[in-house]
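Coordinate inspection notes
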Amino acid sequence: MKAPEQYDPSKSASKSSMPPPSIQPPAKSPALPVGTPTITQTHKQTDQAEKKPFEWQFLMPKYWGIWLLFAIFLPLIYLPLRWQFWLGRKLGILIYTIVGSRRRDTLINLKLAFPEKPEVERELMAKQVFVNQGIGVFETLCAWFRPNVFTRTVSISGLQHLVNVQNEGRAVILLGAHYTMLDLGGMLCTQFFPMDGMYRPQNNALLDWFIYNGRTSILSKQISNRDMRSLVSSLKKGRVIWYSPDQDYGLKQGVMAPFFGVPAATLTATRRLATLGNKVHPPAVMALHTYRQTPDNLPRGKRPHYHLTITPELENYPSDNEVADATRVNEVLEGLIRIDPTQWMWFHRRFKNGPEGRRDIYK
């Protein structure tokens, strides 16, 4: 299902595309009332983690490409959001066009997940995934370096589920997914409650440095997936922990469970996390959905709007059946992703492992 008025590459005629900046001057977003608290002022972060120090190895030639990309994109986040969205659409279509492997993986995933849809519709969905991710690059950079541009752009439903559990002194494991706005979703969440986050360190040291330091302004604490001591400590303190179990890391860390009707290697760490922390008041497991409701072709003079959804606690979780538990988690995430499938990162190889090991469907 496509979000209302989403960018359709097949209709990229003049009316739906924003002219280049040299042709049409920008329109500023409507001014906020005087005295409106900014995102920075209402941020619920409880701790400020130390940033990772700069390392001289980051100046080596192998990192020059990353420095070049940041040098190009960082100045652009000071353009009006409407321009940024326009540039993000162009960036997404460019990547879709030139990065054949990611395009192919996306189309394969969509064919597996939506076999009932015509091929032409799946191709439009795939292009929209890349458009949303192109915009997501600007959304994430703004979340790190210019968060106040999103002041008064968010609403939330289901917050009572989390508040009620927190009032009982219980921790919350908040299951997220790899949506295209990823870090902006975290920033918007922390307008309502402080949150720690689990992360998997990047193989590229400079990229890891940028991401970790960018998130220090969003998350109260970042917990490596290898740091069980810090994780247990946060759970015992009754904190909210953001964790995304929606990628394929093989069967050493998971079991096979259906995802969009396709057997997929699914992490079982969620059920283990739910047994840690306070034994009298165990953690609650809920899911989080982050969603851009406004069209990517942002109308002149309009501000974007984002909606967050928190689901009720998973009852009787975990059970004594890890496959059943993995299936429940996948069902919850799938239901949320279906709100607008094109805002989820379908270019990941979500189905690369099968019951007998690695599949060759992506070759």
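Described in the following lines is the structure provided in the data block. (Residues numbered from 1 in each chain as written. Predicted model: local features only at pLDDT ≥ 70, side-chain atom pairs only at ≥ 80, totals over all residues. Heavy atoms only, no water.)

**Observations regarding the environment of Trp 209**
Looking at the secondary structure, you find Trp 209 in helix α8 (residues 205-215). Overall, Trp 209 belongs to the buried group, its relative accessible area being 16%. Here the alpha-carbon distance between Trp 209 and Thr 106, two residues 103 residues apart in the chain, equals 28 Å. Among residues more than four places away in sequence, those in contact with Trp 209 are Lys 52, Pro 53, Phe 54, Phe 58 and Trp 67. Of the polar contacts made by the side chain of Trp 209, one reaches the backbone oxygen of Pro 53; its length is 3.3 Å. (Helix = DSSP H or I, 4+ residues; strand = E, 2+ residues; numbered from the N terminus. Buried < 20%, exposed > 50% of the residue type's maximum accessible area, 1.4 Å probe, protein only. Contact = heavy atoms within 4.5 Å. Polar contact = N/O pair within 3.5 Å; in protein donor to acceptor, adjacent residues only side chain to side chain.)

**Structural notes on the state of the cysteines**
What the rule picks out here adds up to 0 disulfides. We note that Cys 142 lacks a disulfide partner, and the nearest cysteine sulfur, in Cys 189, lies 18 Å from it. The exposure class of Cys 142 is buried, given its relative accessible area of 0%. (Disulfide = S-S within 2.5 Å.)

**Details of the packing of helix α3 (residues 81-98) against helix α5 (residues 119-145)**
The packing of two helices is summarised by the inter-axis angle and the distance between the axes. Two elements in contact, α3 and α5, have axes separated by 7 Å at closest approach and are oriented at 130°. The angle between α3 and α5 places the two elements in the oblique class. Between α3 and α5 lies a crossing whose hand is right-handed. Judged by residue contacts, Gln 84, Phe 85, Leu 87, Gly 88, Arg 89, Leu 91, Gly 92, Ile 93, Ile 95 and Tyr 96 of α3 engage Glu 123, Ala 126, Lys 127, Phe 130, Val 131, Gly 134, Ile 135, Val 137, Phe 138, Glu 139 and Cys 142 from α5. (Axes fitted to C-alpha atoms, helices over the stretch in contact; angles between N-to-C directions. Parallel < 35°, antiparallel > 145°, perpendicular 65-115°, else oblique. Left-handed = near helix turned anticlockwise from the far one by under 90°.)

**Regarding the sheet that holds strand β5 (residues 240-243)**
Judged by pairing direction, the sheet is mixed, and its 7 strands sit side by side in the order β1-β9-β8-β2-β5-β3-β4 without closing on themselves. Because the sheet does not close on itself, it has two edges, and the strands there are β1 (154-157) and β4 (221-224). Geometrically, the sheet is characterised by an average inter-axis angle of 25° between neighbouring strands, direction not taken into account. Strand direction decides the pairing type here: β1 and strand β9 (residues 306-310), joined by 4 bridges, are parallel. Counterpart to Ser 155 in the pairing with β9 is His 307. (Pairing = 2+ DSSP bridges.)

**Let's talk about the nonpolar core**
Formed by 45 residues in total, the largest nonpolar core has its most connected members in Phe 150, Leu 174, Phe 193, Met 195 and Met 286. In terms of residues, this core owes the most to one element, α5, which gives 7 residues. Filtering out sequence-adjacent residues up to four positions away, Phe 150 remains in contact with Ile 39, Leu 81, Glu 139, Cys 142, Ala 143, Leu 184, Leu 188, Arg 303 and Tyr 306. Phe 114, Leu 231, Val 285 and Val 329 belong to the second-largest nonpolar core, a separate cluster that totals 43 residues. (Core = buried A, V, L, I, M, F, W, Y, C linked by side-chain atoms within 4.5 Å.)

**Focus on the side chain of Arg 170**
Topologically, Arg 170 is positioned in the loop between α6 (159-167) and β2 (172-175). Judged by relative accessible area, Arg 170 falls into the buried class, the value being 11%. Side-chain polar atoms of Arg 170 contact the side chain of Glu 168, separated by 3.2 Å. One polar contact links Arg 170 to Glu 313, side chain to side chain, over a distance of 2.8 Å. Apart from the residues within four sequence positions on either side, Arg 170 is in contact with Val 165, Gly 238, His 281, Pro 282, Pro 283, Ala 284 and Glu 313.

Nothing here speaks to function; it is geometry throughout.
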